[in-house]
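# Chain and residue survey
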Amino acid sequence: MLTLDHFLILSFILFSVGVAGVLLRRNIIIVLMSLELIFNSVNITLAAFAYYLQSITGTVFVVFNIAIAAAEVAIGLAILVAVYRTRKTVNVEELKDMRY
Amino acid sequence: MDIWALLIVPLAAALIITFITRKRAELSSYVSVGAVVLCFLIVLPYLVRMLGNPHMEYIEQSFLWIDIPGLMVEMGTIIDPLSIIMLFIVTFVGSLIHIYSRGYMHGEKGYARFFASLSLFIFSMLGIVLANNFIMIFVFWELVGLASYLLIGFYFEKPAAADAAKKAFLVNRIGDFGFILGIFVLYYATGTFNFVKMAHIIQAGEVASGTLGLAALLIFCGAVGKSAQFPLHVWLPDAMEGPTPVSALIHAATMVAAGVYMLARTGFLYAAAPHEAMMVIAYIGGLTAFMAALLALGQNDIKRIIAYSTLSSLGYMVMSVGVGGTGAGMFYLMTHAFFKALLFLGAGSVIHACHTNNIWEMGNLYPKMKITGVTFILGSLAMMGIFPFSGFWSKDEILTATFFSGNYFLFAIGVLTAMITAIFMTKVITVTFFGEKRYHGHPHESPAGMTVPLMLLAVFAVFVGLAGLPGLDPNFGTFISAVAGSSAAHAGEHGASGAHHFSYFVAITSTIAVFIGIAIGWTIYSRKLIDNNAIAAKFSGFHTALQNRLYIDHFYDRVIVAGIYNNIARVFNFIEVFIIIHFILNGTAYVTRQIGKGLRLTISGQLQHYAFGMVGGVLVLMIIYVLL
Amino acid sequence: MEGFPILSVIMLSPLAAVILLLFVDDARVALVRGIAIASTSISLALSLYLLFIYDKVKGGFQFIEKIEWVQSLGISYHLGVDGISVAMVLLTSIVIFTGVFVSWVGIKHRIREHYMFLLLLVAGVYGVFMSLDLLFFFLFYELAVIPMYPLIGIWGSANREYATMKLTLYLSLGAMIALLGLLSLYFTAGAKTGVYTFDMLQIASLSYETGYQIKVFLPLLLGFGILVPLAPFHSWSPTGHAAAPSAVSMLHAGVLMKLGAYGILRTMWMLPDGAQYWMPWVAGLSLINIFYGGMVAMSRRDMKFMIGYSSSSHMGYVLLGIATVNYIGVNGAVLLMFAHGVMTALAFSLIGFVYDQAHTRMIYDFSGLAKKVPFVAVAFAIMGFASSGLPGLANFVAELMVFIGAFKEYPVHAIIAVFGIIITATYMLRCMRDVFFREPMEKWDDLRDASTFVERLPFVLLIAVLLIVGFYPAVLVDVINSGVVPLVNKLNAAQVG
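Everything numeric here is computed off the predicted structure, so don't read it as measured data.

### Brief notes about the side chain of B:His98
Residues and elements named next belong to chain B.
- Within the fold, His98 resides in helix α3 (residues 81–104).
- We classify His98 as buried; its relative accessible area is 0%.
- When sequence neighbours within four positions are dropped, the list of residues in contact with His98 reads Ser32, Val33, Val36, Phe115, Leu118 and Ile122.

Pasting the structure below:
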């Protein structure tokens, strides 16, 4: 039987993988993808709670989240392309001008 | 109303000279002389009235100067035999010296400034004499110090003069420190500053004996400073850097006597103070008198010699007060004013003629300067205390009072001092006016403007002592007791020396001592039977010590002053600069900057470092949330 | 508000000048100076008038003006003066009036901005002395501190960056600490009555429990004390004095330092029990000011530092007077605030005058100046004697009252304080001797004396004030007394903590 716990655990795993990816990967594209993974894990959590608690609020938030995620990706990729055109790199460790 | 004129006129003169007639030297001198003569004319009727009625009632007028809850300070004047005598001395001798100065200072730069300062001095001195309460006397006490500063430092371009002025003011300040504390003690013990009211309270026995003793000694500190008693005597010899008329007026006749006057004015305090306090005063006076006479022996500068003789005389006066002979002290003050001023002015005349202060560069001046010579000799005879000159009567009074109060040691000191005084005065006379000619140039007698005051002073120096002669004129003769009693008269009680007796023993003893002294001086300096240089060589250690003023000045200069400036003040400066500013303040700033530098390293510019921080923070919050 | 808003006009006069100056071109120097003189003259005239029309018999706060500012928070524009404030307002107007003339001679570049900041500062000072609303008190207090930063930083002399940083930061720190106390009072008073207000009269009329008073008094004492300068928080002062231009030093030592003492007095009024508890500490610290400040002054060779530490020393007398909490001592303290302000303004203006020509302030660089600059020499001598407490000048009367008051409450402290007059005389006379007397040096042959009206006016005016108050102290003491009596009464009605 699938219980709420299963969804939450799945969500947690996805979240952890996403966070790990954001913190540890060097390629900006991978970082962005990991960010998407985080978003989706949150979506799963919200949808699961919406179903198991019979509340429509969760579903509404999922829709919001997807829209925001899409907007964020668009901007993120645009910045990425601009950075690549000037810096010729997608390595996050090389973008460190705003430092002491 | 005319009493206030005594204060307003000289002050106005000083202001007029400073602001209006500054550039016109002659006019300025007339203003100043006019002011002091006018003051003398105002005093004269009171003097006459007093001579006619020695037990006259005192007159007091005052107005409130400060008026707040708990503190009422008045400015007022008091006229009684004591103040009248002092007023007479200040205005009369002051007038003579003002006139003398016109001639002496003729042609000097700063002529107008000199007379403005003199007028300021007269104003301040009269303020001391007239004051009817402690605060007022303190105010004018300090002002007189200012006038003295300005006059000693008259030749301010001379480093020695600038130093002497500063020294005088500062040493007086030290005395004033004790003085003002004594005033506070008395105020809180009696609730008033006014002399008459305070006398009533003290005589009613409402103040504890210990408090009186403490106050008496503290107030005496003021006299120690102003009248140059040991150990605050060091400023007086240096004060000779000022022009000679200044030395005559301020450092002989009047200002230095202010300390004695103040002791007389506050006689009610000393009459009630414990015996020990009085003994301290008497011994300081005696010590000063003796020490100063010794120091005078080692000097060659005529002004310095007379300065030390003044110190010695002041010691006599203080000692007299200490043994209870306040009337005698005041009497001596009066006679001293005349003969000491005479001696200084005579010295000025001689200095003017020979352009030197050193007595060994003079000699055989008598033929050229008869008037100066005669008056000087008369003054010296008065000073030494030879019958029948004034100094004899007054010194005799003091010695009598000392002897009959049971202080035989002090009596012996007094007699010994008289002898030493005679030695050095004889030295001065013989070396300066007789003997071989050692001067350069062509000295001649001084102009009339200078010799007339000399002659007038000589008359008084000779005859004024007869006021004390028993039986001469009952009214005049009893004025001494009136003066003595007046300081305590406001409660109707006579001063300790109200009784006025004459002792042949004392008179003869002191006369013998003086003649021995003259004989010694004559032998060494005139007849040259004993070579003074040989004596100096034989007692060379002592001689050098005398020449170096017993090293007291050295002690003050090198140990105390240098010690404070170079060591103590530097310690405080060190604390300030290194500890407070450098260590604490700048240190705090430094630490803050270093922390900033450290924290700056967290801004790595690496996106993922920031993200890491965020995640870490969230984790911490979660843990805290779970735990709490 | 009845009648002519005299207090607002006194304070707004410099502010109006600041705004006017914004529109004036820097090159039109005469107009700039003219505006400055006009505004300070108005303030001076009105302050003098205030002194004479203040009702001494009635006492209390008079000439009150009140405009509600932020009603919901209880903030209002509330001005009023009592005897103490009247004296302080007069002091400020005298010092700024003479300061404007001193700047005339001394400041040569960016004159317009200099006057703007100077007048802004003065408006703040007026505001502090007149304000009866705690928030405006604080606001004006800060307004009096912040312009010091550019004034010293731009127009100062050597080491000015360090000095101005130190001064501004230290004083702002003090203000902040005081703000803590003020806010605490606001909230506590509000909780007591249900109405939250910053009105000082209202807050002072309540009584607070002793423990609270003791706690709250401390930040206020420290915060205002830093400005006094209470030892050991004094080191911003001499450095600031030395680096600042003459007019700023005059204001700083003459007026700004009195703000702190004034703040302490008002705090004592609001928190009498707390005051009684802390005053013995203040008395002890004041001795450090007097003695330590005097000793350090003795060791300094830079005249401005010497006078700076001397000011610190004299403010020690003021603190001692305040600590006595009796009529005599507090009267003396307030009078000394006035007298010292005038005297120190004179000192800095004189030193500045010499420095502008000689470009050195070191005592050992000078000798025999009395021959070259006799007017300055005489003025300096008067200042030196005033500082030493010579009778005939205002400082003597004030110091005498402080000593008499202190002798009653703290005899040992009084003895040490009286000893201070010897110390002061020592370094003052030594400075006078070394700089003005003795043989003249050749290198100062070209020194110009203070000869024009503009150059002489500040010195003459300040000396005249010292002499007038010195000879006839009643002209000020009566007014000050009417302010001190209710204050001391309130303090003595309290029980000692």
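### Some details on the pattern of salt bridges
- Using the criterion set out here, one finds 17 salt bridges over all chains in the structure.
- The closest approach of N and O atoms between B:Asp238 and B:Lys167, which form a salt bridge, is 2.7 Å. Of this pair, B:Asp238 sits in helix α9 (residues 235–238) while B:Lys167 is found in helix α6 (residues 159–190), placing the two residues 71 residues apart along the sequence.
- In this structure, C:Arg448 engages C:Glu455 in a salt bridge whose closest nitrogen and oxygen atoms are separated by 2.2 Å.

### Describing a nonpolar patch on the surface
- A cluster of nonpolar side chains, namely A:Leu2, A:Phe49, A:Tyr51, A:Tyr52 and A:Leu53, defines an oily patch on the protein surface of about 540 Å² accessible area.
- Judged by relative accessible area, A:Tyr52 falls into the partly exposed class, the value being 31%.

### Things to note about empty space enclosed by the protein
Residues and elements named next belong to chain C.
- Taken as a whole and judged by the stated rule, the model has eight cavities of 30 Å³ or more.
- Taken as a whole, the largest cavity spans an internal volume of roughly 90 Å³.
- Examining the composition of the lining of the largest cavity, we find that four residues originate from one element, helix α17 (residues 394–409), more than from any other.
- By volume, the second largest cavity is sized at about 70 Å³.
- When contributions to the lining of the second largest cavity are tallied by element, the ones reaching two or more residues are α3 (83–106), α14 (327–358) and α19 (453–471).

### Focus: helix α19 (residues 448–463) of chain B
Residues and elements named next belong to chain B.
- With 16 residues, α19 should reach 22 Å at 1.5 Å per residue; the first-to-last C-alpha distance of 22 Å fits that figure.
- What α19 keeps buried is the set Met450, Thr451, Pro453, Leu454, Leu457, Ala458, Ala461 and Val462. Summarising the axial view, the buried residues of α19 lie within an arc of 165 degrees, below the 170-degree limit, and thus occupy one face. For α19, the exposed residues set more than 90 degrees away from the buried face come down to Ala448 and Phe463.

### Considerations on the pairing of strand β1 (residues 62–70) of chain C
- In this structure, β1(C) lies alongside strand β2 (residues 75–81) of chain C, joined through six bridges in antiparallel fashion. Among the inter-strand pairings, C:Glu65 is bridged to a residue of β2(C), identified as C:Leu79.

### Let's talk about the confidence of the model for chain C
- Averaged over every residue, the pLDDT of chain C is 90; residues scoring 70 or more account for 99%.
- What the predictor reports for the complex is a pTM of 0.88 with an ipTM of 0.91.

### Some words on the interface of chain B and chain A
- Between chain B and chain A, the residue contacts involve 12 residues of the former and 13 residues of the latter.
- Carbon and sulfur atoms supply 61% of the area that chain B and chain A bury against each other, a total of about 1000 Å² over both sides.
- Of all residues in chain B, the largest losses of buried area upon contact with chain A belong to B:Gly605, B:Gln606 and B:Gln608, amounting jointly to 46% of the total for that side.
- Counting the contacts that link chain B with chain A gives zero salt bridges.
- Here the side of chain B that touches chain A takes six residues from helix α26 (residues 607–627) of chain B, the largest share from any one element.
- Here the side of chain B that touches chain A is composed, by residue class, of seven nonpolar, four polar and one charged.

### Focus on the arrangement of the chains
- For this structure, the chain pair with the highest number of contacts among two pairs of chains in contact is chains B and C.
- Of all C-alpha pairs spanning chain A and chain C, none lies closer than 24 Å, and the two are not in contact.

### A look at the packing of helix α1 (residues 2–19) of chain B against helix α2 (residues 25–52) of chain B
All names here are of chain B.
- Here α1 crosses α2 at 175 degrees, and the two axes come no closer than 9 Å. In terms of orientation, α1 and α2 fall into the roughly antiparallel class. Taken together, the residues of α2 that come into contact with α1 (itself represented by Asp2, Ile3, Ala5, Leu6, Val9, Pro10, Ala13 and Ile17) are Ser28, Val31, Ser32, Ala35, Leu38, Cys39, Ile42, Val43 and Tyr46.
- Counted by class, the contact of α1 with α2 contains 14 nonpolar, two polar and one charged residues.

### Focus: the packing of helix α1 (residues 6–22) of chain C against helix α2 (residues 29–53) of chain C
Residue and element names in this part refer to chain C.
- One way to put it is that α1 packs onto α2 with a least axis distance of 9 Å and a crossing angle of 175 degrees. With respect to α2, the axis of α1 lies roughly antiparallel. For the pair α1 and α2, contact is made by Ile6, Leu7, Val9, Ile10, Ser13, Pro14, Ala17, Leu20 and Leu21 and by Val32, Ile35, Ser39, Ile42, Ser43, Leu46, Ser47, Tyr49 and Leu50, respectively.
- For the contact of α1 with α2, the residue count by class is 14 nonpolar, four polar and no charged.

Cut-offs and rules
- Residues numbered from 1 in each chain as written.
- Chains lettered and ligands numbered in written order.
- Predicted model: local features only at pLDDT ≥ 70, side-chain atom pairs only at ≥ 80, totals over all residues.
- Heavy atoms only, no water.
- Helix = DSSP H or I, 4+ residues; strand = E, 2+ residues; numbered from the N terminus.
- Buried < 20%, exposed > 50% of the residue type's maximum accessible area, 1.4 Å probe, protein only.
- Contact = heavy atoms within 4.5 Å.
- Salt bridge = Lys/Arg side-chain N within 4 Å of Asp/Glu carboxyl O.
- Patch = residues over 30% accessible without salt bridge, like charges linked within 9 Å, V, L, I, M, F, W, Y side chains within 5 Å.
- Areas by Shrake-Rupley, 256 points an atom, 1.4 Å probe, with all protein chains shown as cover.
- 1 Å grid on protein atoms, 1.4 Å probe; cavity = no way out; pocket = protein on both sides within 12 Å on 5 of 7 lines; lining within 4 Å.
- Points joined across faces, edges and corners; volume = space filled by probe spheres on them.
- Expected span 1.5 Å × (residues − 1).
- Arc of directions from axis to C-beta.
- Pairing = 2+ DSSP bridges.
- pLDDT = per-residue confidence, 0-100.
- Buried area = accessible area lost by both parts, 1.4 Å probe.
- Nonpolar A, V, L, I, M, F, W, Y, C, P; charged D, E, K, R; others polar.
- Axes fitted to C-alpha atoms, helices over the stretch in contact; angles between N-to-C directions.
- Parallel < 35°, antiparallel > 145°, perpendicular 65-115°, else oblique.

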